[in-house]
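# Understanding the architecture of this molecule
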Amino acid sequence: MRTDTGQVIHLADYRPTDFVLERVDLTFELDPTETKVEARLIFHRREGVDVAAPLVLDGDELTLAGLLVDQSEIDAARYTATPEALTIRDLPEATPFEVTITTIINPEANTQLMGLYRSNGIYCTQCEAEGFRRITYFPDRPDVLAPYTVNIIADKAANPLLLSNGNFLGGAGFGPDKHFAAWFDPHPKPSYLFALVAGDLGVVEDSFTTLSGREVALKIYVEHGKEARAAYAMDALKRSMKWDEEVFGREYDLDIFMVVAVSDFNMGAMENKGLNVFNDKYVLADPETATDADYANIEAIIAHEYFHNWTGNRITCRDWFQLCLKEGLTVYRDHEFSADQRSRAVKRIAEVRHLKAEQFTEDAGPLAHPVRPVKYREINNFYTTTVYEKGSEVTRMIATLLGRDGFKAGMDLYFERHDGEAATVEDFVKCFEDATGRDLTQFSLWYSQAGTPVVTASGAYDATNATFSLSLEQMIPATPGQSAKEPMLIPLRLGLLLEDGSEVTPASVSGIEMTGDVLHLTQRAQTAVFSGIPSRPVVSLNRGFSVPINLHFNQTPADLAHIARHESDQFARWQALIDIALPNLTQAARDAREGRDIACDPAFIEALLATAGDETLEPAFRAQALTLPSEAEIARELGSDNNPDAIHAGRTAILTAVATAGADLFQSLYDGMTTPGAFSPDAESAGKRALRNIALSFLSYAENDPARASAAFKAANNMTDLAQALTILAHRFPDAPETLDALAAFESRFRDNALVIDKWLTIQATIPGDGALTRVRALQQNPHYNPKNPNRVRALVGTFAFSNPTGFNRADGAGYAFLADEILDIDRRNPQLAARILTSLRSWRLLEPARADHAREALMRIERSNDLSTDVRDIVERILKG
Ligand code: B3K
Ligand code: ZN
């Protein structure tokens, strides 16, 4: 049975270590089941610390095989070793001392994929957040930084490749069958950034010359035979390196930068210093096997991990409460990179869609927590969309408030002041204050107050005085552990549009501070008065989604349509269309639930089709406009008492109405938006494919016949088109012979490519309706499914729970019961994966009562298990309680 002490860690309890770590020397003798790790650690006692203070090192499932202090054995009375800690007493008083620790670990048996594990014959590590303590006893916390030397000894034939962080020092033969390699990383780093990879892999090589003229060797390691599929990742890496020099003035700092792709990985990728380890899903791509979304993800994640070299590695976090310091900031940086590489407006739309779908949902439920939490029981459960995506939005707001130059000055100061340190959110904010002279005290509430603020707006035009008043009120909903909240600084970008579509610049603004087009709302209720407004303006509020809020603003569909037509801010045009669509979709869900006829406002259809057909707009934008809010978004809008079947039926009716009215347009888009010639993953071509494919989807509603999608499936010459045609067939016509043929053809063509088989699993796991569960169970018996591989589990079980609202939320509760069984099973092998998938039940209280009861039962069954990991116990208890 596992031990969960239920121990909660508090930010307020932070204190530095008693001992300062000066240097780390590690020697690994790799063996699949008995790897010997020798760690030589040089420490000195921090000034002022009691000489009697013991050295306490972290462990996790470790057994001590040897211990020396200053190269001598010590009396057994002087130390205590348990699987979780090594405590050494009576240490030398003044001078630095050396502790040599030997542990024996079993990489093959490591199914958690934390620490050192072996996947497909490749040794690999994952140490963030607390995996290093599964390798050796260590002060495993991010504020303990040291340079590392790593020696790796392994069987030469099985492991021609021996990699670790930093620069390669040298290597040689070692006995008849073995060899060794030595690496040195001069940049002091915390243990979570340690990495080791060994095995037999193919490589793609390139180089990059930095701004100051240093040549960096670039290497991407993949399974033999897959080298060609790493070309796009390499290209994205070089573009990222250049962009960080140009935009943030950041140069790379080692002689070599390596990326290794592995097939068993708990997350997307990991930014270990000089040796990034990636889930191969985010490295491998070619037109035959990767969709446009895959290419965009690879570009973003390669960039994200690379950008961590400065925001995360050179400047790291003092403690795990500061996680947003590296994650929120680095997400902001990768968002900006993708915006510069692709279409800024379309990128912003995709970001906001994701933010609202994931982060707003988290913030409105039992797992809500501040961007910088103040307590945790299991840190792995805090790699959340709030820390990452809301963390990025908070950084974006700093840039909005301070402007381009102020933001840059603050960032430069941060890099200069904290390089080589483990910093805090306060340190970060202070740099912007010091660089610009602006007080960010109130703004900092964004880090500490959870919950998505609700801003209610109303406007009044005074023709006599030619003024327009905009009244704004903010309210931050209660979240677990936080009932009362302070008003925040809300930087609201806006535009005032006149009847002819032009934008009016007010002669003056009073009541609320305004810089450029940004209103700085600071109080609970405030009114801005704009003067010199010749006629009633249409207000476009929260342009570019300058602030992550829920906006309540009663605008007429006509005003929204005006924004959708005339706004210079493309994001706002898209938002206006969504705001017209949403009431139609929620009303349709209500009507479906009550068995009433479903009607769709013709003005909405007209506005939508006008945008879809507007050739002055880029195709990717038009495709985003046509992508109506998902069933999950409609559920969020409805707020409570959700019936997923009614939401699905209502949405289907609206899609059918749009499809019928726009059939001619969709036909012409389908025929016209072709991308002749060789496949190119560039944003413009991807946009055309997106528009063509969404037109195909609407045609499937208009025609209600699988023939066209079946023909598209047969004609497709790239994975984007192929996967979309298969999705339409499977989701719209699950039992049609065309669909069964296409699924079989897809499987037989790609059966040797696990990443493509994941798409095949996902498409089937998300077929709407009660039959989904039976299908998912059957697919678990398919030889392609492997419950030990996180990508397979996420593709089948994860997407079923997260992305199949009708199938998962079956009225009889069978979906939840299935999930409970799965969580208990997965948890035995891989707690992190189990805990993540369990969060799919975070909104259970918003379901209609009968479903909510079934969901509670399933959660309580998980909770009753007496063999849960800390990860799953933490999530299940919070979901039930909150
Ligand atoms: N820093 C890692 C995430 C580690 C998650 C540990 N549970 C990847 C990233 O955000 O870049
Ligand atoms: Zn990150």
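Keep in mind the model is a prediction, meaning the values are calculated, not measured.

Criteria and cut-off values
- Every chain's residues receive numbers from 1 upward, in the order its sequence appears when written.
- Labels follow written order: the first chain is A, the first ligand is 1, and so on.
- The model is predicted, so local features are restricted to residues of pLDDT at least 70 and side-chain atom pairs to those at 80 or more, both for listing and for counting; the totals for chains, interfaces and linings are taken over all residues.
- In computing side-chain values, all of the structure's heavy atoms are included and hydrogens and water are not.
- Strands here mean DSSP runs of E at least two residues long; helices mean DSSP runs of H or I at least four residues long; both are numbered from the N terminus.
- The globule rule used here is 2.2 Å times the number of residues to the 0.38 power, and the radius of gyration it is set against is calculated over C-alpha atoms.
- Using a 1.4 Å probe on the protein chains alone, a residue whose accessible area is under 20% of its type maximum counts as buried, one over 50% counts as exposed, and one in between counts as partly exposed.
- What makes two residues a contact is simply this: any of their non-hydrogen atoms within 4.5 Å.
- Here, a strand pair is defined by DSSP locating no fewer than two bridges between the strands.
- Every axis in this analysis is a line fitted to C-alpha atoms, fitted for helices over the stretch in contact. Angles between the N-to-C directions lie between 0 and 180 degrees.
- Each domain's extent was defined by an automatic or database domain assignment.
- What counts as buried area is the accessible surface, traced by a 1.4 Å probe, that two parts surrender upon association, with contributions from both included.
- Throughout, near means a residue has at least one heavy atom within 4 Å of the molecule or strand.
- In the analysis that follows, any N or O atom pair within 3.5 Å is treated as a polar contact, provided that within protein one partner can donate a hydrogen and the other can accept it, and provided that, for residues neighboring in sequence, both atoms belong to side chains.
- Only Asp, Glu, Lys and Arg are considered charged, only Ala, Val, Leu, Ile, Met, Phe, Trp, Tyr, Cys and Pro nonpolar, and every remaining residue, Gly among them, polar.
- Each metal site is built from N, O and S donor atoms within 2.8 Å (3.2 Å for Na, K and Ca), and since water is not included, such sites may look incomplete.
- For salt bridges, the criterion is a side-chain nitrogen of Lys or Arg within 4 Å of an Asp or Glu carboxyl oxygen.

What follows covers the overall build of the chain. Along the chain, the regular secondary structure elements total 26 helices and 33 strands. Computed over its C-alpha atoms, the radius of gyration of the chain comes to 28 Å, within 12% of the 29 Å expected for a compact globule of 882 residues. Projected onto its principal axes, the C-alpha coordinates of the chain cover approximately 85 × 65 × 60 Å. Relative to its 882 residues, the chain shows a buried fraction of 59%.

Among the structural elements, tyrosine 221 can be located in strand β18 (residues 215-222). Distance in space between the C-alpha atoms of tyrosine 221 and valine 204 is 6.5 Å, their sequence separation being 17 residues. Beyond its immediate sequence surroundings of up to four residues, tyrosine 221 is in contact with Leu161, Leu163, Leu201, Gly202, Val203, Met258, Val259, Val260 and Ala261.

Here we take up the sheet that holds strand β28 (residues 508-510). Judged by pairing direction, the sheet is mixed, and its 5 strands sit side by side in the order β28-β31-β26-β25-β33 without closing on themselves. The open sheet has two edge strands, β28 and β33 (550-553), and neither has a second partner. Between one strand and the next, the sheet's axes are offset by a mean angle of 20°, whatever the strand orientation. By the bridge criterion, 9 bridges tie strand β25 (residues 454-462) to strand β26 (residues 467-475) in an arrangement that is antiparallel.

The next subject is the domain arrangement of the chain. Its domain assignment divides the chain into domain 1 (9-200), domain 2 (316-448), domain 3 (454-547), domain 4 (555-704) and domain 5 (751-882). One C-alpha centre belongs to domain 2, the other to domain 5, and the line joining them spans 30 Å. The partner domain 5 presents 15 residues to the 12 residues of domain 2 that form the contact. Interface area for domain 2 against domain 5, summed over the two sides, is near 1300 Å², with a carbon-plus-sulfur share of 49%. On the domain 2 side of the contact with domain 5, Pro366, Leu367 and Arg377 bury the most area, a combined 48% of that side's loss.

Another point: the site of ligand 1. Neighbouring residues of ligand 1: 14 residues in total, closest Glu128, Glu271, Glu305, Glu327 and Tyr388. In this structure, histidine 304 approaches ligand 1 through a side-chain N or O atom, which is 3.1 Å from an oxygen atom. One of the side-chain N or O atoms of glutamate 327 is found 2.9 Å from an oxygen atom in ligand 1. At the level of secondary structure, the elements contributing two or more residues to the shell around ligand 1 comprise β20 (269-270), α2 (292-307) and α3 (323-341). Here the residues of the shell around ligand 1 are counted per class, giving 5 nonpolar, 4 polar and 5 charged.

Looking at the zinc ion (ligand 2), one finds its protein donor set to be His304 (NE2), His308 (NE2) and Glu327 (OE), positioned 1.9 to 2.1 Å from the metal centre. Overall, the relative accessible area of 7% leaves histidine 304 in the buried class. Exposure remark for glutamate 327: the relative accessible area of 2% places this residue in the buried category.

Taken together, the buried positions of helix α10 (residues 602-612) are Phe604, Ile605, Ala607, Leu608, Leu609, Thr611 and Ala612. Those residues of α10 hidden inside the fold are in contact with α9 (570-594), α11 (619-626), α13 (644-661) and α14 (663-672).

Quick look at the pattern of salt bridges now. In the structure shown here, the tally under the stated rule is 63 salt bridges. In this structure, arginine 842 and glutamate 358 form a salt bridge, with 3.1 Å as the shortest nitrogen-oxygen distance. Here the residue arginine 842 occupies a position in the loop between α24 (831-838) and α25 (849-864), and glutamate 358 occupies one in helix α4 (residues 344-363), the gap between them amounting to 484 residues. For arginine 842, a relative accessible area of 11% corresponds to the buried category. Its relative accessible area of 28% is what places glutamate 358 among the partly exposed residues. With a closest N to O distance of 2.8 Å, aspartate 591 and arginine 596 form a salt bridge. A residue is classified by how much of its surface remains accessible, and arginine 596, at 43% relative accessible area, is partly exposed. Through salt bridges with shared partners, a single ionic network connects Glu336, Asp340, Arg344, Lys347, Arg348, Glu351, Glu393 and Arg396.

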